[in-house]
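Fold and contact review
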Amino acid sequence: MIERYEVKEMSNIWSSENKFRKWLDVELAITEVWYEWGEVPEESFNTIKEKADFNVDRIDDIERKVKHDVIAFLTSVEEFVGKDSAYIHKGITSYDIVDTALSLLIRESLDIIIPKAEDLKELLIKKAFEYKDLTAIGRTHGIHAEPIAFGVKYLIWYEEIKRNIQRLINARKIISVGKISGSVGTYIHFPPEGEERALKKLNLTPCKVSSQIIQRDRHIEVIYALASLGSAVEKIAVEIRHLQRTEVLEVEEPFSKGQKGSSSMPHKRNPVKCERISGLARLLRGNLTVAFENNILWHERDISHSSAERVIFPDCFHAAAFMLNDITRVIQDLNVYPDNIKRNLDITNEVYYSQKVLTLLLDKGLPRQKVYELVQKNALESWTQKKSFRKLISEDEEIKTLCTEEELEKAFSEKDLMAGIDKIFERFKNATKAPSHQETQRDDSF
């Protein structure tokens, strides 16, 4: 990931130092199994435990010559351990180490992403109840429809983030596997019992069957979960972007002291965090395509997946973490403007009661098409000529012959229009409302 969108926790996980540390963890787990079976002398094993290490710069130097990263790594380890390094990497192939370690790196990364998503989820439910009684206009096709509670938007986001957290948890389970089955997955030089013992030391389970690699559909599951999470975060961001448009201005992304919106127009306050979220979400979806391609390999394995994976895994985890940090800050400090919400609710002169009037007239036994045309005629006049829909309905001679004043008054009851809101929120009464206090990275660049 380029420096602009790096997240410190992810940089630590996907650093060369941590990657090689995970490789060494896997190597030592396997060596320990050989020792437990009496295949490594105790003195040699103690030396390996004490001295086994590596130097990243040295690995890079060696790789430039040998053109093989695992051999370069093992050579560096050998320089630390000495002759007893002969017992390291016994009976295994490179991707027994690389793929098992990759599972560890992915799991470690998910253990960063999942709590961040949990923090966002708890913030959303808190905000939902905060805005439960704020009535706003609902929009379909971008056009005024019927009123909603502004807090319902947050409930929808909350539920989707919750589903995505479950996807992440499932992906973590699916990727918590390793393979130490040899060059073509047949355990010629290291038996299945050894694989199981070594992986248990790493808190992983063995694949039931593998080739030279762990099958990449598991990795697809991880990238899909991240892309789905990114889509949910972008959904929130796009809604905020629409609601921040000048002519709408129901909400506004936080604008920090000293922040500038345009190099040429000093008045600009743009939703830049939400816009960059949209951009990074595209990256996640694009990388999902790469993950699918990586599953299609020749026979027991080729390395066409390798170069792509070195990019997409750190990039996806950086992007997901960055987006979660951004949207959490935006939601926490979002400027919500109730007066503008009320203004927008009122600009269509109560035509949003049209379905209530329609239902009232249908209950009188009139044909649906006739009733629809009758209500639509008044609604369109209200819409196009900026007249009160309530007044037009109450003065319509045909409607007056069908309904009493009391019935029409009830058709325009805001209480009845919002009657379902309490029932919706009742479903969330046991949802956790207290957000956690996990620190998120502060970086307002874009």
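The residue numbering used here restarts from 1 in each chain and proceeds along that chain's sequence as written. Confidence filtering applies because this is a predicted model: local features only for residues at pLDDT of at least 70, side-chain atom pairs given and counted only at 80 or more, and all residues used for totals across whole chains, interfaces and linings. Just so you know, side-chain values use all the structure's heavy atoms and leave hydrogens and water out.

1. Section: the overall build of the chain
Summing up its helical and strand segments, the chain has 19 helices and six strands in all. Counting only C-alpha atoms, the chain reaches 100 × 55 × 40 Å along its principal axes. Put simply, the chain has 446 residues, and 50% of those count as buried. Contacts: residue pairs with any heavy atoms within 4.5 Å of one another. Relative to all contacts within the chain whose residues are 6 or more apart in sequence, the contacts with residues 24 or more apart total 78%. Here the accessible surface of atoms and residues is derived via Shrake-Rupley with a 1.4 Å probe, and residues count as covered only by protein chains that are part of the display. For the chain, the accessible area works out to roughly 22500 Å², and carbon and sulfur atoms hold 51% of it. Across the chain, 66 positive and 73 negative side-chain charges occur, with their mean positions spaced 3 Å apart. Here a helix means four or more residues in a row that DSSP labels H or I, a strand means two or more in a row labelled E, and each is numbered from the N terminus. Burial status follows relative accessibility: with a 1.4 Å probe on protein chains alone, a residue under 20% of its type maximum counts as buried, one over 50% as exposed, and anything between as partly exposed. We count Lys and Arg on the positive side and Asp and Glu on the negative side, and we leave His and both chain ends out. By convention, the charge on Lys lies at NZ, on Arg at CZ, on Asp at CG and on Glu at CD.

2. Structural notes on the packing of aromatic side chains
Note on aromatic contacts: the rings of Phe and Tyr and the six-membered ring of Trp form a pair at centre separations within 6.5 Å, being stacked when their planes are under 30 degrees apart, edge-to-face when over 60 apart, and tilted otherwise. Enumeration according to the criterion identifies 21 aromatic pairs in this entry. Ring geometry for Trp-14 versus Phe-313: centroids 6.3 Å apart, planes at 5°, classification stacked. Taken together, the positions of Trp-14 in the loop between helix H1 (8–13) and helix H2 (16–36) and Phe-313 in helix H11 (residues 304–333) put the pair 299 residues apart, joining distant regions of the chain. By the burial criterion, Trp-14 is buried, and Phe-313 matches it. Pairing Phe-20 with Phe-54 gives two aromatic rings, centres 5.9 Å apart and planes at 65°, and the pair type is edge-to-face.

3. Examining the nonpolar core
Across soluble globular proteins, nonpolar side chains show a tendency to be buried alongside one another. By convention a nonpolar core is built from buried Ala, Val, Leu, Ile, Met, Phe, Trp, Tyr and Cys residues, the set being connected through side-chain atoms within 4.5 Å. Ranked by size, the top nonpolar core spans 75 residues in total, and within it Ile-113, Phe-150, Tyr-154, Leu-226 and Phe-317 carry the most contacts. Counting residues per element, the ones that place at least two in this core are H1, helix H6 (94–130), helix H7 (150–175), helix H9 (217–243), helix H10 (272–294), H11 and helix H19 (421–426). Excluding anything up to four places from it in sequence, Phe-317 contacts Met-10, Trp-14, Ile-106, Ser-109, Leu-110, Ile-113, Val-222 and Leu-226. In terms of nonpolar packing, the next biggest core, distinct from the first, is built from 37 residues, Phe-73, Ala-101, Ile-180 and Leu-204 among them.

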